[in-house]
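# Inside the fold
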Amino acid sequence: MNALLALLLLALSAAQPSASTFAEAVWPTPDPASAQTTRLGRYRISYAPSLQPIEINRIHAWVAQVMDADGNPVAGATISITGGMPDHDHGLPTAPRATAYLGEGRYLIEGMRFHMGGAWEVVLNVKSGAGDDALSIPLDL
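Residues numbered from 1 in each chain as written. Predicted model: local features only at pLDDT ≥ 70, side-chain atom pairs only at ≥ 80, totals over all residues. Heavy atoms only, no water.

## Examining the pairing of strand E6 (residues 97-103)
- Examined bridge by bridge, E6 and strand E7 (residues 106-112) share five bridges and lie antiparallel to one another. Note that in E7 the partner of Ala98 across the bridge is Ile109.
- The turn linking E6 back onto E7 is made up of two residues, and Glu104 within it adopts a positive phi angle of 55 degrees. (Pairing = 2+ DSSP bridges. Helix = DSSP H or I, 4+ residues; strand = E, 2+ residues; numbered from the N terminus.)

## Digging into unusual backbone geometry
- Cis geometry is adopted by the peptide bond preceding Pro53, which originates at Gln52 and carries an omega value of 0 degrees.
- The phi dihedral of Glu104 is positive, around 55 degrees, even though this residue is not glycine.
- Looking at the element boundaries, Glu104 is found in the loop between E6 and E7.
- Given a relative accessible area of 58%, Glu104 falls into the exposed group. (Buried < 20%, exposed > 50% of the residue type's maximum accessible area, 1.4 Å probe, protein only.)

Quick look at the structure:
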C-alpha cells in the first residue's frame, strides 16, 4: 500500500508544472501597439486572449501587459478583474484572476469565460507603486 501511495504522489508531483516551466509556457503575446491608456493615465495596458476569436462558454486565459506612463514594464502590480454585461446588469460568470507574473510587465489572467453573446465589459484594476487605476475593455461577442 505504501508503494502505491508513493507512486501516486510521484505521479502527481510530476504533473505539477514548476515555476520556471510555467513562466516559459507559450502564452499569447499582447501587441504593445494596441495598448490603451487607463482612466487616470497611470498605465498603458495591452492584452491578448488565448482564444482567437474568443468563444462563448469556453474557459480561457488572457495575458495583460502593464506599462507605466513612460513605457516601462510594471512588475509587482496587483491586478483584479471585474466586469460583466452592462445591458443585462450582471457580472462575469467566473471569477478570473491574475495568477502569475510572466516578466516584462506581463501578467497571466486565468478563468475568463463569457457565457453568452452580446456586449461585455472587462475591467482590469491595477495597483502598484504608481497608484491605482483601471482600464475598461469593451467586447462584442
